[in-house]
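Okay, here's what each chain looks like letter by letter:
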Amino acid sequence: MPEKTLVAAADLRTFAAALLETGGLSAEHAATTADVFVWAAQRGVESHGIARVPGYLDLLAKKVANPDPRMKVESSTPAAAVLDADRAPGPVALTAAAEEAVTRARRCGIASVGVRQTVHTGAIGRYVSKIAEAGLVGIGFVAGMPNMGYTGVKGPAVATSPLAIAVPTPAASDRAPLLLDMATATIALGKIRQAKASGTPLPEGAAATADGTPTTDPERAVMPLPLGGAKGSGMSLSFELLTSVLVGAPIFAAFHSDDPAGRKHRQNALLIAVDPAAFGSADTFLADVDTTLGTLKGLPGDEGVYYPGERSAATADARGAHGIPVAPKVWKQLTEVAAERGVPLPAHL
C-alpha cells in the first residue's frame, strides 16, 4: 500500500489557498478557506480536511458557490444579527460570523449570529474554536440538505446537521480547550464512501438503502441513519428550526416540496458566543473549567479518560511538529488538479 505524503501544515495551507485562488476566490477568502481545511486535517478530521479542495473548486466552477460574495450583516438588536452570505463558501461566511459574534458578545455578554445562504460549512468545530480562542464559549449549529434518514420515514428526510461547543481553558494551563463537534448521524457520509472503497462492512444501524432499509453492505448504503434513532432525528429537525427557519431561509420544507429550486445546494448556521465575564468572574470560570476537566481526568478508567477535543488537540500538536499525512488517493487528486492549474506542489517531509 502506498505511503501517505507528509506535508508541513504551513506549506499545505499555502498550497490549498493557491489552488482555491485559481477557482476565483480572493487571496483573503482563499486563505480563510484553506485554514479551515488544514485545521481539520491537522486534527485528524480527514473528511473535512485537504481532501475538500477539489470539491470546493467544483462548487466554484459550477457557480454553486459564489467566488465574489457580497456578504452583509443585518441587525435590529445589539446581541443578534444575521449574516447574509450571498452563497459564499462556508469557511468564509462562518469565519466572519464567528468574528461578529465575538465582537457583539464582548459588548452584550452573549450574542448570536445566524448565517443565511452559505455553501458547505466545513468543520464547524473551527468556528466555535475561534470563539473559544477569544476567551468566550462558542456554540454552533448547522442545517443543510436532507441526506439522512428520519425515524419512521422512508428515504432521506433530514440533514446530518452538526452541533459544536467549545469552552476555553486557562492560558496558563497546558490543557486543550474542550471541543465537542458531532453530527446528528451515526456515521458520516464520508465513512460510507470509505467503507465502499475498502469493502469494509458498516456497523449495524449506521446506514440504510435508498428506501430506508438498514444495511451493513457499503455497496447498498446510500445514507446514514440518525444517532440514537429518534434522538438524532429530533436534533436535526430542531437545528433546521434554529438556523434555516430562524433566518428566513427554510431548507427542509422546500426540499420536500414540488419546487425543483428546493433541491439547490445550500446551508444555514447559527453561532452563539457567551462571555463568561457577564456571568461573574471570567478567571473563576476558567479555573473551574480546569478543575472540572482535571477531575474527569483523575477518575479511574481502564484505558485512560478523555474529554471532547483532547485527543484531536494532541493529534494537531503531533502533526504540527511532524507534518500532516495526506492519503495517496487525495495526494494523487491534488497533484492532478495542481498540474492542470499551474500550482506548484508543496515540499514533502
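Just above sits the structure.
Residues numbered from 1 in each chain as written. Predicted model: local features only at pLDDT ≥ 70, side-chain atom pairs only at ≥ 80, totals over all residues. Heavy atoms only, no water.

Visitor: Talk me through the overall build of the chain; I want residue IDs and the actual numbers.
Guide: For the chain, the count of helices and strands is eleven helices and twelve strands. For the C-alpha atoms alone, the extent of the chain along its principal axes is close to 55 × 50 × 50 Å. The proportion of buried residues among the 349 residues of the chain is 47%. Taking as baseline every contact in the chain between residues at least 6 positions apart, the subset at least 24 positions apart corresponds to 66%. When the accessible surface of the chain is summed, it comes to about 16300 Å², and 57% of that surface belongs to carbon and sulfur atoms. (Helix = DSSP H or I, 4+ residues; strand = E, 2+ residues; numbered from the N terminus. Buried < 20%, exposed > 50% of the residue type's maximum accessible area, 1.4 Å probe, protein only. Contact = heavy atoms within 4.5 Å. Areas by Shrake-Rupley, 256 points an atom, 1.4 Å probe, with all protein chains shown as cover.)

Visitor: Summarise the sheet that holds strand 7 (residues 178–183); cite the residues concerned and give the values.
Guide: What holds strands together in a sheet is hydrogen bonding between their backbones, with the strands either parallel or antiparallel. If you trace the seven strands from one edge of the open sheet to the other, you get 2-3-4-11-5-6-7, paired in mixed fashion. Strands with a single pairing partner mark the edges of an open sheet, and in this sheet they are strand 2 (72–77) and strand 7. When strand polarity is set aside, the average angle formed by the axes of neighbouring strands in this sheet is 15°. Alignment of strand 6 (residues 162–167) against strand 7, held across six bridges, turns out to be antiparallel. Counterpart to Leu163 in the pairing with strand 7 is Met182. Helix-sheet contacts for helix 7 (residues 230–245) involve strand 5 (137–143), strand 6, strand 7 and strand 11 (267–274), and the interaxial angle to strand 5 is about 100°. (Pairing = 2+ DSSP bridges. Axes fitted to C-alpha atoms, helices over the stretch in contact; angles between N-to-C directions.)

Visitor: Any details on the pairing of strand 6? Residues and values, ideally.
Guide: With respect to burial, strand 6 is a largely interior element, five of its six residues being buried. Sheet analysis places strand 5 next to strand 6, joined by four bridges and oriented antiparallel. Counterpart to Ile139 in the pairing with strand 6 is Ile165.

Visitor: I'd love a proper account of the packing of aromatic side chains, names of residues and values included.
Guide: Applying the stated criterion across every chain, the model contains two aromatic pairs. Taken together, a centroid distance of 4.8 Å and an interplanar angle of 85° make the contact between Phe37 and Tyr56 edge-to-face. With a gap of 19 residues between them, Phe37 in helix 2 (residues 27–42) and Tyr56 in helix 3 (residues 53–61) connect regions that are remote in the sequence. For the pair Phe37 and Tyr56, a shared accessibility class is recorded, and that class is buried. It is Arg263 that lies over the ring of Phe255; its NZ or CZ is 4.0 Å from the centre. (Phe/Tyr/Trp six-rings, centres within 6.5 Å; stacked < 30°, edge-to-face > 60°. Lys NZ or Arg CZ within 6 Å of the ring centre and 35° of its normal.)

Visitor: Could you give an account of the nonpolar core, with specific residues and numbers?
Guide: One finds Ala93, Val115 and Tyr127 to be the most contacted residues of the largest nonpolar core, which totals 31 residues. Among the elements of the structure, helix 2, helix 4 (90–108), strand 4 (110–118), helix 5 (124–133), strand 6 and strand 11 are those that each provide at least two residues to this core. Element by element, the count of residues in this core is highest for helix 4, at eight residues. In terms of nonpolar packing, the next biggest core, distinct from the first, is built from 30 residues, Ala34, Leu60, Trp331 and Ala338 among them. (Core = buried A, V, L, I, M, F, W, Y, C linked by side-chain atoms within 4.5 Å.)

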